[in-house]
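Structure assessment
Each chain is listed here by its residues.
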Amino acid sequence: MSDFVAFLAGLLALVPGLGPAVEPSWAGYVEANYVYVAPAGGGIISEIAGGEGQVVEAGAVLLQLEDAQQRALLRAAEARVEVARANVANLATGSRDDEVAVIRASLDKAEADLALAQLQSARSDKLLAEGLIPEAKADQDRATLASAEAQVAQLSAQLRVAELPARDPQRVAAEASLLAAEADADKARADLADRTLTAPVAGRIERVYFDAGEMVPTGTAVLALQPEGALKVKFYLPEAERSAMMIGQEVRIGCDGCGEAVTATVSFLASDPQFTPPVIYSREERTRLSFLVEATLSAGESLPPGQPVTVAK
């Protein structure tokens, strides 16, 4: 009797529609979303810090470009900042202390000359009144006095101007020059920082496209990083099975030689068919439609990119 039951079960399995239901599955492949690291400016690679297969943390140095030119430009920009800053300070405080001291000393001498000229002019006027000197001598002393007074007035005015700060338009222009110099220095620092490429995210270095000593153009990827959670499985659903699949649904991923199946979560369902017949969607033609589905591997799961897989619910 048991032999007959086994024979009957085998026969039912051979007859379509009479055996146990076959679990649906779909063929697909593993794909990775890479993060490509590229320099903002081209240059010669002086050092590559990471190799293929190495796991790096976010912010880790990956490679260094030659930066002698950028360092020189930064030193020049910082020197221009110091010049502009000194100019602003000078205009804000007036002339230098040494210049003011020279004008003040000249004024002191002029005031002493004025005092002497006043005494000499007063003596000449007294002697002229007594008839002891000619009038020409008195006129000469009066002219000397007037010249001394003018000299004192001139130096007094110069001292007041030297002690005053610069006029507003001059200060505004100097401050604007300082801001421009600081902006140039900031750009020079950024350009220098761009010569060192760091990992934007944590992950494993998948590919290194250049070697040390090679010239890399601007914007050309030097390394490809595979961050955590970058692996996904792409497969295609027939039109008849699309409605049974939902975003967030868990699926099982198996492959030849991979051991136990891993899990993934459906993260994308295409709304447009990948293969469209050239005629309107009739009942017969709908069977030719296929929709792309993407499922992200669960945390801790890993499969090699490009690996063919079988997807099942």
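Look up: the structure comes first, before these words.
Source: prediction; values computed, not measured.

1. Some words on the overall build of the protein
Helix and strand counts for the protein come out as six helices and 14 strands. Counting only residues that meet the buried cut, the protein has 30% of its 313 residues in that class. Nonlocal contacts in the protein, meaning residues at least 24 apart in sequence, comprise 75% of its contacts between residues at least 6 apart.

2. Quick notes on the nonpolar core
Ranked by size, the top nonpolar core spans 20 residues in total, and within it F235 and I253 carry the most contacts. Of the residues forming this core, the biggest block, four residues, is contributed by strand 10 (residues 231-238). By size, the runner-up hydrophobic cluster in this structure holds 15 residues, among which are L63, V208, V216 and L225.

3. Describing the sheet that holds strand 13 (residues 290-297)
Across a sheet, paired strands are connected by hydrogen bonds in the backbone, their directions being either parallel or antiparallel. What the six strands build is a closed barrel, ordered 1-10-13-12-11-14; its pairing is antiparallel. Adjacent strand axes in the sheet meet at a mean angle of 40° when their direction is disregarded. In the sheet, strand 11 (residues 250-254) pairs with strand 12 (residues 262-269) via four bridges, with the strands oriented antiparallel. Note that in strand 12 the partner of I253 across the bridge is V262.

4. Some details on the sheet that holds strand 7 (residues 203-208)
The sheet built from four strands is open, its strands ordered 2-9-7-4 with antiparallel pairing. Where the open sheet ends on each side, the last strands, each with one partner, are strand 2 (35-37) and strand 4 (55-56). Inspection of the sheet shows strand 7 paired to strand 9 (residues 223-227) by five bridges, in the antiparallel sense. Pairing of G203 across the sheet is with P227, part of strand 9.

5. Some words on the pattern of salt bridges
Charged atoms that come close allow side chains of opposite charge to pair. One pass over the structure, following the stated rule, counts 13 salt bridges. Linking E294 and K232 is a salt bridge whose minimum nitrogen-to-oxygen distance equals 3.2 Å. Taken together, the residues span a long stretch of sequence, with E294 in strand 13 and K232 in strand 10 at a distance of 62 residues. Assigned by exposure class, E294 and K232 land together as buried. Where K234 meets E294, a salt bridge forms, and the shortest distance between an N and an O atom there is 4.0 Å. With K234 in strand 10 and E294 in strand 13, this pair connects stretches of sequence that are 60 residues apart. Of the two residues, K234 and E294, neither departs from the other in class, the shared state being buried.

6. Quick notes on the pairing of strand 12
On a regular strand, each side chain points to the face opposite its neighbour's, so the side chains alternate between the two faces of the sheet. When strand 12 meets strand 13, the two strands line up antiparallel, connected through five bridges. When the bridges of strand 13 are listed, F268 appears paired with E294.

7. Quick notes on the packing of aromatic side chains
Counted under the stated rule, the structure contains two aromatic pairs. Between W26 and F235, the aromatic rings sit 5.9 Å apart at their centres with planes inclined by 20°, giving stacked as the arrangement. In this pair, W26 sits in strand 1 (residues 25-32) while F235 sits in strand 10, placing the two residues 209 residues apart along the sequence. When its relative accessible area of 0% is taken as the criterion, F235 is described as buried. Judged by centre distance (6.3 Å) and plane angle (65°), the rings of Y34 and Y36 are edge-to-face. Residue classification places Y34 among the partly exposed residues on the basis of a relative accessible area of 26%. The ring of F291 carries the charged tip of R242 above its face, separated from the ring centre by 4.5 Å.

8. Notes on the side chain of D67
Here D67 shows up in the loop between strand 5 (61-65) and helix 2 (68-93). What makes D67 buried here is its relative accessible area of 15%. When residues no more than four places from it in sequence are discounted, the contact partners of D67 are L192 and R195.

9. Overview of the pairing of strand 14 (residues 308-312)
Here five bridges tie strand 1 to strand 14, and the two strands are oriented antiparallel to one another. Of the residues in strand 14, the one forming a bridge with A27 is T310. Pairing of strand 11 with strand 14, which is carried by three bridges, proceeds in the antiparallel orientation. Across the sheet, R252 pairs through a bridge with A312, a residue of strand 14.

Procedures and definitions
- Residues numbered from 1 in each chain as written.
- Predicted model: local features only at pLDDT ≥ 70, side-chain atom pairs only at ≥ 80, totals over all residues.
- Heavy atoms only, no water.
- Helix = DSSP H or I, 4+ residues; strand = E, 2+ residues; numbered from the N terminus.
- Buried < 20%, exposed > 50% of the residue type's maximum accessible area, 1.4 Å probe, protein only.
- Contact = heavy atoms within 4.5 Å.
- Core = buried A, V, L, I, M, F, W, Y, C linked by side-chain atoms within 4.5 Å.
- Pairing = 2+ DSSP bridges.
- Axes fitted to C-alpha atoms, helices over the stretch in contact; angles between N-to-C directions.
- Salt bridge = Lys/Arg side-chain N within 4 Å of Asp/Glu carboxyl O.
- Phe/Tyr/Trp six-rings, centres within 6.5 Å; stacked < 30°, edge-to-face > 60°.
- Lys NZ or Arg CZ within 6 Å of the ring centre and 35° of its normal.

The values reported here are purely geometric and, on their own, carry no functional implication.
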